[in-house]
Amino acid sequence: MNDTAHGALPEAVHKARPPTESELFDLLHGFTAARMDTAAVRAGATLDALAGGETERARRELRAFLRECWDALDGLGREVNLCMHHLFPEAGLYPPLQMTRQCTFYMVRKKLHEHPATADHPVSRLLWGATRAEPGRGYERLSFLYNVSLFVPLPVPEGRRLPGRADLPQAVRGLVKPGEVPPCEARKGLRQIQEWLETMVGECYGRMTRALSAAGDATR
């Protein structure tokens with residue numbers, strides 16, 4: 001993650017928002033960071049289990065890794081919701097102090113993309129582009145594996161690979177979004193997901209910091 005962006009955003013929020021919202025943001029920000037840290041631990045545990053031939057433990061650790069990554073993405077969505085609601089209250093986002101668990105990354109992405117005031121904003125373009133219009137391979141793999149893990153145990157081909165669509169039982173293939181995700185050596189695939197997520201979060205923090213700072217400058 002871009003450490004500069006990670007540290008600059010809370011400062012920008014504290015300058016732009018009242019104490020209660022700033023306190024909430026700090027909690028949301030800490031949640032996202034904790035999920036990413038725990039995901040790294042789970043990735044290591046997955047590889048250790050695979051190296052030891054412990055397939056069932058590897059499946060459990062892999063599912064935990066995917067859950068942490070997805071929770072980090074939803075955590076990022078709630079941070080965006082708080083910042084962008086301040087800048088564009090007309091966009092239909094949750095009032096920050098009324099957010100619920102229904103405030104997810106996908107909900108925030110959809111609201112920002114669909115509203116004319118925010119559709120072309122740099123933050124909105126990033127969320128939509130990186131996960132919908134031109135998704136990166138890391139996101140595609142994360143989305144595919146996470147959605148499979150919601151229904152069935154994930155297969156671990158040859159005890160060392162992350163599965164692709166062709167590795168799924170035929171009965172399961174209709175439960176996930178169509179598209180070809182190839183299998184991948186586990187270490188490479190886990191790192192691919194982590195790097196995509198770290199880049200996404202860092203870039204989003206940078207764009208939100210610039211947006212809040214620019215809005216503050218405009219009111220002076």
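Structural notes, computed from the coordinates. (Residues numbered from 1 in each chain as written. Predicted model: local features only at pLDDT ≥ 70, side-chain atom pairs only at ≥ 80, totals over all residues. Heavy atoms only, no water.)

Focus: helix H5 (residues 122-133)
With 12 residues, H5 extends just 14 Å between its outermost C-alpha atoms, more than 12% less than the 16 Å of an ideal straight helix rising 1.5 Å per residue. Residues of H5 that are buried include every one of Val123, Ser124, Leu126, Leu127, Gly129, Ala130 and Thr131, and no others. (Helix = DSSP H or I, 4+ residues; strand = E, 2+ residues; numbered from the N terminus. Expected span 1.5 Å × (residues − 1). Buried < 20%, exposed > 50% of the residue type's maximum accessible area, 1.4 Å probe, protein only.)

Section: the packing of helix H3 (residues 55-87) against helix H6 (residues 137-149)
At their nearest, the axes of H3 and H6 sit 10 Å apart, and the two run at 115 degrees to each other. Between H3 and H6 lies a crossing of left-handed hand. Listed contacts from H6 to Arg63, Leu66, Arg67, Cys69, Trp70 and Leu73 of H3 are Tyr139, Leu142, Ser143, Leu145, Tyr146 and Ser149. (Axes fitted to C-alpha atoms, helices over the stretch in contact; angles between N-to-C directions. Left-handed = near helix turned anticlockwise from the far one by under 90°. Contact = heavy atoms within 4.5 Å.)

Topic: a nonpolar patch on the surface
A cluster of nonpolar side chains, contributed by Leu150, Phe151 and Leu175, occupies part of the molecular surface with about 290 Å² of accessible area. By secondary structure assignment, the location of Leu175 is in the loop between helix H7 (170-173) and strand S2 (184-185). Taking the relative accessible area as the measure of exposure, Leu175 reaches 43% and is therefore partly exposed. (Patch = residues over 30% accessible without salt bridge, like charges linked within 9 Å, V, L, I, M, F, W, Y side chains within 5 Å. Areas by Shrake-Rupley, 256 points an atom, 1.4 Å probe, with all protein chains shown as cover. Salt bridge = Lys/Arg side-chain N within 4 Å of Asp/Glu carboxyl O.)

Quick notes on the nonpolar core
Phe65, Leu66, Val80 and Leu127 are the most contacted members of the largest nonpolar core, which totals 62 residues. Of all elements in the fold, only helix H1 (3-16), helix H2 (19-51), H3, helix H4 (105-114), H5, H6 and helix H8 (186-219) reach the threshold of two or more residues within this core. Per element, the largest residue contribution to this core is 13 residues, and it comes from H3. Every residue in contact with Val80, bar those within four places of it in the chain, is listed here: His85, Val108, Leu112, Val123, Leu127, Cys204 and Met208. (Core = buried A, V, L, I, M, F, W, Y, C linked by side-chain atoms within 4.5 Å.)

A look at the packing of aromatic side chains
All chains considered together, the criterion is met by five aromatic pairs. Aromatic side chains Tyr139 and Trp196 sit 5.2 Å apart centroid to centroid with 45 degrees between the ring planes, which places their arrangement in the tilted category. Here Trp196 lies in helix H8 and Tyr139 lies in helix H6, a separation of 57 residues in the sequence. The pair formed by Tyr139 and Trp196 is uniform in burial state, with each residue classed as buried. An aromatic cluster of at least three residues, connected via ring pairs, comprises Trp70, Phe105, Tyr106, Tyr139, Tyr146 and Trp196. A cation over a ring is seen here: Arg35 above Phe31, with NZ or CZ 4.9 Å from the ring centre. (Phe/Tyr/Trp six-rings, centres within 6.5 Å; stacked < 30°, edge-to-face > 60°. Lys NZ or Arg CZ within 6 Å of the ring centre and 35° of its normal.)

Points about the state of the cysteines
Per the counting criterion, the structure on display carries zero disulfides. A disulfide-free cysteine, Cys69 has its sulfur positioned 14 Å from the sulfur of Cys184, the nearest such atom. The thiol of Cys83 is not disulfide-bonded; the next cysteine sulfur, from Cys204, is found 8.3 Å away. (Disulfide = S-S within 2.5 Å.)

Some points on the packing of H4 against H5
Packed helices, taken two at a time, are described by the angle between their axes plus the distance between the axes. H5 packs onto H4 with a crossing angle of 120 degrees between their chain directions and a minimal axis gap of 9 Å. Accordingly, the angle class assigned to the pair H4 and H5 is oblique. The interaxial crossing formed by H4 with H5 has left-handed handedness. In contact with Phe105, Val108, Arg109, Leu112 and His113 of H4, H5 contributes Ser124, Leu127, Trp128, Thr131 and Arg132. Class assignment of the residues belonging to the contact of H4 with H5 gives a composition of five nonpolar, three polar and two charged. (Parallel < 35°, antiparallel > 145°, perpendicular 65-115°, else oblique. Nonpolar A, V, L, I, M, F, W, Y, C, P; charged D, E, K, R; others polar.)

Considerations on the pattern of salt bridges
Between side chains of opposite charge, a pair can form as their charged atoms come close. Under the definition given, this model contains 17 salt bridges. For Glu56, the salt bridge goes to Arg59, with nearest N and O atoms at 2.4 Å. You can see Glu56 and its partner Arg59 sitting in helix H3, three residues apart, about one turn around the helix. Overall, the relative accessible area of 48% leaves Glu56 in the partly exposed class. The network of salt bridges with shared partners includes Glu158, Arg160, Arg161 and Asp167.

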